[in-house]
Amino acid sequence: MSFPPSIKSRPVYGVLSPRPGQAHLIIADGEGAGAVADLFASGPGIAERAHVLYTPGPNGTDDWAVIAGLGAAQAQRAASVPTLLFRLARVLLDAKAGTQCYLAGSEGLIGQAERDLMAQGVPHQDIQKEHRGSTVRRVQCVHCKGVTENVRTDPFQCSHCGLHLFVRDHYSRRLAAFQGVCIDAEEPGNIPPPVEKFA
Amino acid sequence: MLDLKPDFGGFFKDETFVGDFTFANSPSAVRRFPFPFDRDQYMYSVNIEPHVPTRPGSVLEHAFDIDEHYVSEMRDRARVLARDPLRCQSLPHMELAGWDLVELIMESLSRDYPQWFTLERSGNDWHWVNKPLGIDQRFTFLDPSTLPYGPMEYITRQMQGDFTLQDERDGNLWVDAGMVTTQADWSLDFDIGMNFFEWHAPVPLAHEKGIFDRALKFLLKLQHGAPVRRFNWTMTVNPLLDTAPETYPEWGPSKTTLTQANLGAKQHLRVELQSLFRLPRSNAIAFSIRAYLGSFQDLVTVPKWGRRLHRVVRDLHPDLAAYKGFLRNRDAMVEWLSKYDDGAPTSPGIWPED
Ligand code: HEM
């Protein structure tokens, strides 16, 4: 799916396409497995130099069987996004310059993997991103700074401080999060009913 | 620690920007208020001009304006930072730019206000005296171990207004450091690390008008020694300097407290004098955002400003009023201001008597 036009801090996504490289690092969750399969199909040389890290999506989609069937040189299934990111940190210690990075799946996973890649100095032109599957958002509460994962509604209640937050499109790549702002700050208690905006 | 031993002397006011809000402008501060509207309407534009000293006594007389609120503002900044240290952040590669800023500010202040600030340099051995804040500091330039804070934090704890430092890479500017405690509702902690288009993303209409494309092109050509400036403005209820998104639940309710009886005293026009300096060693750009608060009742004592403020607020594009956070009170403001607009023509320019 593609997202409606938005403000300039909001991430944009493309379609993964094979690029020449010594190594291919592929990170995906949920329906992102389909994007990885398409990538392998369009780049026959990729599999033997590929390392795939995969975890189920926030909606529960687990297409590990698809990944396992691709014949990648290395592929691991992580139990959750945080576990995947620990594996990623280890993999990055040995990553060679020019490694091509491909991120596919939900925005939360893509954003956090991109953040960690950039922190390790991977140049952005070596990172491709394709959104597939869930549109739930990772949102930072601007008040308590706590991050709530898998936000489905707008407004929603901060899982840390309990304030009711509206979800902005303003996005920080450093935090890998959208911004949530108190919706009833001016008239405490005046909270519109939550609308299911992200699924 | 930077111990403030303030000396208010005869000039600096002892006042608060929170709680009991004792902040007020003296009659001379009202006369020198940087009224931002040079005509009876307002829309975003690339309003950038050379930052050259002009008009003795005005806020544009010097590179940095130190006014009667200086000491109390620095005390307010220390209060905000004690509560939330994330208001001041600097990514590791920005330290050199911080030293550039130390030099720019210390040289400017000691040149323009020798009665309050002195700087003696002997090679890298520097001696800085800030009399109003009671600071006497010897340090080694470029050696952070000789200052009680990182260089940017050290000097901006002694400077009115917010500061950000922009690194230049990939044909863009990146806001990689800042001291932000007097902001019009934006979060440094959220925005740090963004580029020019990303941090400006929430602004309505200006992207479509190409304003940010042209502004960035202009800034990338900024030369050391040739700073530029622009005005920005918004509205603030009560003289609260720290309108941060972080604390919005604390100050948001004040927006529902306006009546025709209290509006003149409580509603403030908030003007930012923004100036931009290319820094010599780091090639970064320093952005100074100096906020001035003027109550409506003070501003309308200048007949030209009363008339003009009424017309600007009345006719402002609703997207701008919403973005600036005063759509809810716009009608009340217009009603209050209308008493000061007799319909007479106004002269071009921002100055009170021209
Ligand atoms: C390079 C240093 C600059 C920095 C760090 C900066 C930062 C910001 C920030 C943080 C905002 C608030 C955005 C939000 O709502 O979250 C803003 C607003 C804005 N900026 Fe800048 N800015 C810079 C330079 C400029 C320049 C040169 C222009 C010239 C056109 C400009 C025009 C604007 C405008 C029109 C707004 C909307 C203000 C309002 O309506 O209240 N900025 N800026």
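Below is a short write-up of the structure.

Basis of the calculations
Residues numbered from 1 in each chain as written. Chains lettered and ligands numbered in written order. Predicted model: local features only at pLDDT ≥ 70, side-chain atom pairs only at ≥ 80, totals over all residues. Heavy atoms only, no water. Helix = DSSP H or I, 4+ residues; strand = E, 2+ residues; numbered from the N terminus. Buried < 20%, exposed > 50% of the residue type's maximum accessible area, 1.4 Å probe, protein only. Contact = heavy atoms within 4.5 Å. Buried area = accessible area lost by both parts, 1.4 Å probe. Salt bridge = Lys/Arg side-chain N within 4 Å of Asp/Glu carboxyl O. Nonpolar A, V, L, I, M, F, W, Y, C, P; charged D, E, K, R; others polar. Axes fitted to C-alpha atoms, helices over the stretch in contact; angles between N-to-C directions. Parallel < 35°, antiparallel > 145°, perpendicular 65-115°, else oblique. Left-handed = near helix turned anticlockwise from the far one by under 90°.

### Topic: the overall build of chain B
When you go through chain B residue by residue, the secondary structure sums to 13 helices and 10 strands. Projected onto its principal axes, the C-alpha coordinates of chain B cover approximately 60 × 50 × 40 Å. Counting all 354 residues of chain B, 60% fall into the buried class. Excluding contacts between residues fewer than 6 apart, the proportion of contacts in chain B whose partners are at least 24 apart in sequence is 72%.

### Comments concerning the interface of chain B and chain A
Contact with chain B, which involves 26 residues of that partner, is made by 25 residues of chain A. Between chain B and chain A lies a buried interface of about 2,000 Å² when both sides are counted; carbon and sulfur atoms form 57% of it. Linking chain B with chain A are seven salt bridges. Of the charged contacts in the structure, one is a salt bridge between Glu186(A) and Arg328(B), with a shortest N-O distance of 2.8 Å. Of all the secondary-structure elements, those providing two or more residues to the side of chain B that touches chain A are helix H5 (188–191), helix H6 (196–199) and helix H8 (248–251) of chain B. Of the residues that constitute the side of chain B that touches chain A, the class distribution is 13 nonpolar, six polar and seven charged.

### A closer look at the packing of helix H11 (residues 303–315) of chain B against helix H13 (residues 327–338) of chain B
Think of two packed helices as two axes; the pair is described by the angle between the axes and how far apart they sit. All names here are of chain B. The interhelical angle for the contact between H11 and H13, taken along N-to-C directions, is 155°, at an axis separation of 9 Å. Overall, the two elements H11 and H13 adopt an arrangement that is roughly antiparallel. Crossing angle aside, the handedness with which H11 passes H13 is left-handed. Listed contacts from H13 to Leu-309, His-310, Val-313, Arg-314 and Asp-315 of H11 are Arg-330, Met-333, Val-334, Leu-337 and Ser-338.

### Digging into the pattern of salt bridges
Enumeration over the complete set of coordinates arrives at 43 salt bridges over all chains. The salt bridge partner of Lys197(A) is Asp154(A), with a shortest N-O separation of 2.8 Å. Here Lys197(A) is found in the segment after strand E12 (195–196), whereas its partner Asp154(A) is found in strand E8 (residues 153–154), with 43 residues between them in sequence. A salt bridge links Arg121(B) to Glu103(B); the nearest nitrogen and oxygen atoms lie 3.2 Å apart. With a gap of 18 residues between them, Arg121(B) in strand E3 (residues 117–122) and Glu103(B) in helix H3 (residues 95–112) connect regions that are remote in the sequence. By relative accessible area, which is 12% here, Glu103(B) ends up buried. Residues participating in the shared-partner salt-bridge network are Asp100(B), Glu103(B), Glu107(B), Arg121(B) and Arg281(B).

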